[in-house]
Amino acid sequence: MVSLAVFVVELVLSHEPLVWRGPFVLPALLFIIAGAIAVVAAPNRTAGLGLYRAYIIEPIAFGLVLANVIRTSRRAALVAGGLAAGAAVAGLANSFVVLSGLINHTYDVALTPPVVIYSTANAVALYVVPIVALAISVALYGSREERFGAAAFVVAGTIIAALSFSRGGYLALAAVVLGAVVLHRRRLLMLGVAVVGLAALAVVPPIRHRILIETHNVYGNTIQSRIDLWTAAVKLIRHRPLFGAGLSGFQQMSAPYYTHLHTAANFIDPHNIVLNFWVETGLVGLIAFAWIMVVGFQVSWRGWRQGSGGWPAYHLGVLLALVAVVVHGMVDVPYFKNDLSLLFWILIGLTCAGRQWAAPGSDAQVPTLRTGLAPGPGRSSRRTG
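In this report, the structure presented in the accompanying data block is examined. (Residues numbered from 1 in each chain as written. Predicted model: local features only at pLDDT ≥ 70, side-chain atom pairs only at ≥ 80, totals over all residues. Heavy atoms only, no water.)

1. Describing the nonpolar core
Selection criterion: Among buried residues, the Ala, Val, Leu, Ile, Met, Phe, Trp, Tyr and Cys ones that are joined through side-chain atoms within 4.5 Å form a nonpolar core. Between buried and exposed lies partly exposed: a residue is buried under 20% and exposed over 50% of the maximum accessible area for its type, with that area taken using a 1.4 Å probe on protein chains only. Secondary structure counts use DSSP, requiring at least four H or I residues in a row for a helix and at least two E residues in a row for a strand, with both numbered from the N terminus. Any two residues whose heavy atoms approach within 4.5 Å are treated as being in contact.
Membership of the largest hydrophobic core comes to 83 residues, with the highest contact counts inside it found for Phe31, Phe153, Tyr335, Phe344 and Trp345. The greatest single-element share of this core, amounting to 15 residues, is contributed by helix α5 (residues 121–141). The residues touching Phe344, leaving out its near neighbours within four places in the chain, are Phe289, Ile292, Met293, Leu322 and Tyr335. Within the second largest apolar cluster, eleven residues are counted, among which are Leu236, Ile237, Phe267 and Leu275.

2. Comments concerning the packing of helix α13 (residues 273–306) against helix α15 (residues 338–357)
Spelled out, the test is: A fitted line through C-alpha atoms represents every axis, and for helices the fit uses only the stretch in contact; the resulting angles, taken between N-to-C directions, go from 0 to 180 degrees. In these notes the angle categories are as follows: under 35 degrees is roughly parallel, over 145 is roughly antiparallel, 65 to 115 is roughly perpendicular, and the rest is oblique. By the definition used in this description, the sense in which the near helix is turned from the far one sets the handedness, with an anticlockwise turn below a right angle giving left-handed and a clockwise turn giving right-handed. Residues are grouped as follows: Ala, Val, Leu, Ile, Met, Phe, Trp, Tyr, Cys and Pro are nonpolar; Asp, Glu, Lys and Arg are charged; all remaining types, including Gly, are polar.
One way to put it is that α13 packs onto α15 with a least axis distance of 10 Å and a crossing angle of 40 degrees. Considering the angle they form, α13 stands oblique to α15. In this structure, the crossing between α13 and α15 has a hand that is left-handed. Contacts between α13 and α15 involve Phe289, Ile292, Met293, Val299 and Ser300 from the former and Phe344, Trp345, Thr351 and Arg355 from the latter. A breakdown of the residues in the contact of α13 with α15 according to their chemical character gives six nonpolar, two polar and one charged.

3. Let's talk about a nonpolar patch on the surface
What counts here: Patch members must show over 30% relative accessible area and no salt bridge, and they are joined within 9 Å when carrying like charges or within 5 Å when they are nonpolar side chains of Val, Leu, Ile, Met, Phe, Trp or Tyr. The method behind every accessible area is Shrake-Rupley, applied with a 1.4 Å probe, and residues are considered shielded solely by the protein chains displayed. The term salt bridge refers to a side-chain nitrogen of Lys or Arg lying within 4 Å of a carboxyl oxygen of Asp or Glu.
There is a patch of nonpolar side chains on the surface, built from Ile33, Ile37, Leu242 and Phe243 and spanning about 380 Å² of accessible area. For Leu242, the position within the fold is in the loop between α10 (222–239) and α11 (250–254). The class of Leu242 is exposed, set by a relative accessible area of 54%.

4. Some thoughts on the environment of Ile60
Along the chain, Ile60 turns up in helix α3 (residues 45–69). Given the relative accessible area of 13%, Ile60 is considered buried. Sequence spacing of Ile60 and Ile346 is 286 residues, and the spatial spacing of their C-alpha atoms is 8.6 Å. Beyond its immediate stretch of four places on either side in the chain, Ile60 contacts Ala28, Phe31, Ile32 and Trp345.

5. A closer look at the side chain of Ser164
Residue placement: Ser164 occurs in helix α6 (residues 144–164). Residue contacts for Ser164: discarding those within four places in its chain leaves Pro113, Ala121, Val124 and Ala125.

Given below as structure tokens:
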């Protein structure tokens, strides 16, 4: 709220117009409307109103602020650096506790990993992997000054994600790496390096054991508990297809639909990106968020291929981060947390800023991208749309 207040004061004093028009306006407004309806539909409207402010209003407002103030790729680098620093502090603290447990034999990887700051280890990967995606792109295509710091965080972020022991995080990280490889002009060489690197991580004994747990035929593992959770969510949606459970209402309203009561006690969301938005914000909210994601991919892809100066690296980073959100979101909750909703709209704000402020000749000191998809002869470098 302090950042928003400072921005409003500076905007008034500078007499500059607020930049708000763009492809995200309509889906964001629809999402805001869906959230308001979800507050009314919630069994506890006070709790729903709090989530509406924390997950929808404030993050969207902050994304709008960033779209106005990040006018150069150097400012984008500052934002990315801030995200990386915050993720490193929280993630490395968590990794230290996990490593201590492994070394002292006080942690068994078959059990839930210990955590610091975050309440669950999955939350660490949910936050860190999209930032790793952004860092991978900057490490590959950023300016010379940006690449070293970005590469350092890629290493640190990969270690953090590995020690989170989040299987969804592993899938998201693999998807991000493969996406970056496919878009690189030396994709065959990069693919070989990526496969070797991912395979090397997979054969590390604790990580291998953590993954193989899912093959055990014991109720309570991730896959079986998720199936029970998704089944209950689908049954709830069948009874309330338009409004779902409302914001904050899933745990209470889904309880009658479970076949195993311990699942109901452990989850407050369905842990699937489609079901999450459907039960929390209703069918309208699901449509709105899907619209936001489609526009996010379109804007980021266009910025990656046609952007100028240092912006394409950030557009591609946002694109890869959205891939991480979708992939991890198939088995977890990639949005409905304070940090994750804010991170999502920071990413949207970054790609919006690149679309709005990138112009031929801006950031001229940043070298042109040299990839198979970068602007070349006969391909316009101007922003379109």
